[in-house]
Amino acid sequence: MAYRRRGRHGHPRSATRYRAGRGNLYTFRTRTHNICMVSDFFYPNMGGVESHIYQLSQCLIERGHKVVIVTHAYGNRKGIRYLTNGLKVYYLPLKVMYNQSTATTLFHSLPLLRVRLLGALEHKDVRNVLVQGHIFLNTSLTEAFCMAIVEAASCGLQVVSTKVGGIPEVLPENLIILCEPSVKSLCEGLEKAISQLKSGTLPAPENLHNIVKTFYTWRNVAERTEKVYDRVAGEAVLPMDRRLDRLISHCGPVTGCIFALLAVFNFLFLIFLRWMTPDSVIDVAIDATGPKGAWTHQYPYSKKRGENNEICKIR
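Conventions we followed
- Residues numbered from 1 in each chain as written.
- Predicted model: local features only at pLDDT ≥ 70, side-chain atom pairs only at ≥ 80, totals over all residues.
- Heavy atoms only, no water.
- Helix = DSSP H or I, 4+ residues; strand = E, 2+ residues; numbered from the N terminus.
- Buried < 20%, exposed > 50% of the residue type's maximum accessible area, 1.4 Å probe, protein only.
- Areas by Shrake-Rupley, 256 points an atom, 1.4 Å probe, with all protein chains shown as cover.
- Contact = heavy atoms within 4.5 Å.
- Pairing = 2+ DSSP bridges.
- Right-handed = clockwise from strand over helix to strand, strands pointing away.
- pLDDT = per-residue confidence, 0-100.
- Salt bridge = Lys/Arg side-chain N within 4 Å of Asp/Glu carboxyl O.
- Expected span 1.5 Å × (residues − 1).
- Core = buried A, V, L, I, M, F, W, Y, C linked by side-chain atoms within 4.5 Å.

Visitor: How would you explain the overall build of the chain if you had to name every residue and give the values?
Guide: Scanning the chain from N- to C-terminus turns up 10 helices and 12 strands. Residue burial in the chain is summarised as follows: out of 315 residues, 32% are buried. About 20300 Å² of surface is accessible on the chain, with carbon and sulfur atoms providing 57% of the total.

Dropping the structure here:
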């Protein structure tokens with residue numbers, strides 16, 4: 001995910017007020033972001049990552065931000081497409097190598113290519129598969145969030161998972177058995193879950209579902225993501241020399257120099273691409289989202305201020 005916080009000529013964006021609905025209540029913000037979601041996995045492909053990106057993008061659009069998605073082409077679906085609420089998607093003509101992964105994703109994921117039993121499931125079939133079991137074993141070596149364990153817990157399964165990435169923050173300790181990413185630790189965690197199942201100490205699936213369904217909503221996720229964007233947008237943008245110094249100092253004298261050299265090559269390559277294809281010859285696609293998007297309905301400031309005062313009185 002990425003964002004851009006400055007205007008066309010490098011000046012900070014002016015404060016913009018808008019109305020974002022949450023049921024019958026409305027919130028007002030004075031800072032908006034230009035957000036770019038980049039992923040190999042997006043619709044029409046089906047899966048947790050695809051759903052996460054789409055739902056989060058829709059909620060961020062609802063809160064007044066401009067959101068675009070960049071992914072690779074799917075068959076004849078190439079170029080620019082607009083989805084619900086003007087969500088703009090760039091389907092780039094990149095070569096897919098394996099399982100909808102482009103070269104970069106594939107090479108970084110070679111050690112994880114984790115046996116396919118059921119193949120890709122459509123979202124509507126996930127629940128019917130999960131409710132057939134009692135324990136959900138997740139053996140991920142890397143994870144950002146892992147929607148699968150939330151879906152499993154929501155379906156009443158005891159979750160056993162590796163303790164990597166953001167997984168320890170997703171579910172409370174009483175709903176998940178965390179293990180080190182090793183065979184021995186996973187076997188011990190699985191044996192613990194089986195023992196609890198046999199002894200009848202696991203909570204009923206209905207109770208688990210009622211607990212988990214209160215943890216996350218897409219609007220809540222969008223609000224928390226928005227706070228991260230706000231914090232990052234307030235940080236100073238370092239010049240190239242300071243970025244290189246930080247790479248060398250944080251990553252060590254050898255690895256840091258290699259990373260710094262790669263960063264310089266990337267920077268020079270971007271300059272070359274901009275020289276080969278200058279901005280003036282690139283067609284500008286319509287901004288569908290954001291405070292000035294074609295799909296955004298603008299309200300006069302005076303009217304918003306009156307509505308805001310009225311809402312405050314109601315609260």
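Visitor: With reference to specific residues and values, describe the side chain of Ser 51.
Guide: Within the element layout of this structure, Ser 51 appears in helix 1 (residues 48-62). In contact with Ser 51, not counting residues within four places along its chain, are Tyr 43 and Trp 218.

Visitor: Can you lay out the environment of Phe 41 for me, pointing to particular residues and giving the numbers?
Guide: Relative to the assigned elements, Phe 41 resides in the loop between strand 4 (34-38) and helix 1. In this structure, the C-alpha to C-alpha distance between Phe 41 and Val 70, residues 29 residues apart in sequence, is 9.7 Å.

Visitor: Residues and numbers for the pairing of strand 10 (residues 135-138), please.
Guide: Burial along strand 10 is one-sided: the residues Phe 136 and Asn 138 are buried and none of Ile 135 and Leu 137 is. Alignment of strand 10 against strand 11 (residues 158-162), held across four bridges, turns out to be parallel. When the sheet's bridge partners are listed, Leu 137 is paired in strand 11 with Val 160. Considered for its hand, the β-α-β crossover made up of strand 10, helix 4 (residues 147-154) and strand 11 is right-handed.

Visitor: With reference to specific residues and values, describe helix 4.
Guide: Where helix 4 is concerned, the buried positions are Met 147, Ile 149, Val 150, Ala 152 and Ala 153. At the exit of helix 4 stands Gly 156, carrying a positive phi of roughly 90 degrees.

Visitor: Could you give an account of the confidence of the model for the chain, naming the residues involved and the relevant values?
Guide: With 77% of its residues at a pLDDT of at least 70, the chain reaches an overall mean of 79. Contacts of residues 1-26 to residues separated by more than four positions or lying in other chains number 70 contacts, the stretch itself having pLDDT below 50. This model gives residues 108-113 a pLDDT under 50, and the stretch forms four contacts once residues within four places in sequence are excluded.

Visitor: Tell me about the pattern of salt bridges, and name the residues and values.
Guide: Counted according to the given criterion, the structure contains nine salt bridges. Two residues, Lys 124 and Glu 122, come together in a salt bridge whose shortest N-O distance is 3.9 Å. What emerges from the salt-bridge pattern is a single network uniting Arg 63, Glu 223 and Glu 226.

Visitor: Tell me about helix 8 (residues 240-251), residues and numbers included.
Guide: With 12 residues, helix 8 ought to run about 16 Å at 1.5 Å a step, and its terminal C-alpha atoms sit 16 Å apart, in line with that. Where helix 8 ends, the next residue or the one after it, Gly 252, has phi of about 95 degrees, a positive value.

Visitor: Describe the nonpolar core, listing the residues and the values that go with them.
Guide: In this structure, Leu 130, Phe 136, Ile 149, Val 159 and Leu 171 are the most contacted members of the largest nonpolar core, which totals 19 residues. Looking at this core, the elements that each hand over two or more residues are helix 3 (123-130), helix 4 and helix 6 (205-212). For this core, the element with the highest residue contribution is helix 4, accounting for four residues. Leave out the neighbours within four places in its chain, and Val 159 touches Phe 136, Ile 149, Ala 152, Ala 153, Leu 171, Leu 175, Ile 176 and Ile 177. Counting residues in hydrophobic clusters, the runner-up holds 18 residues, among them Leu 56, Ile 69, Tyr 91 and Tyr 229.

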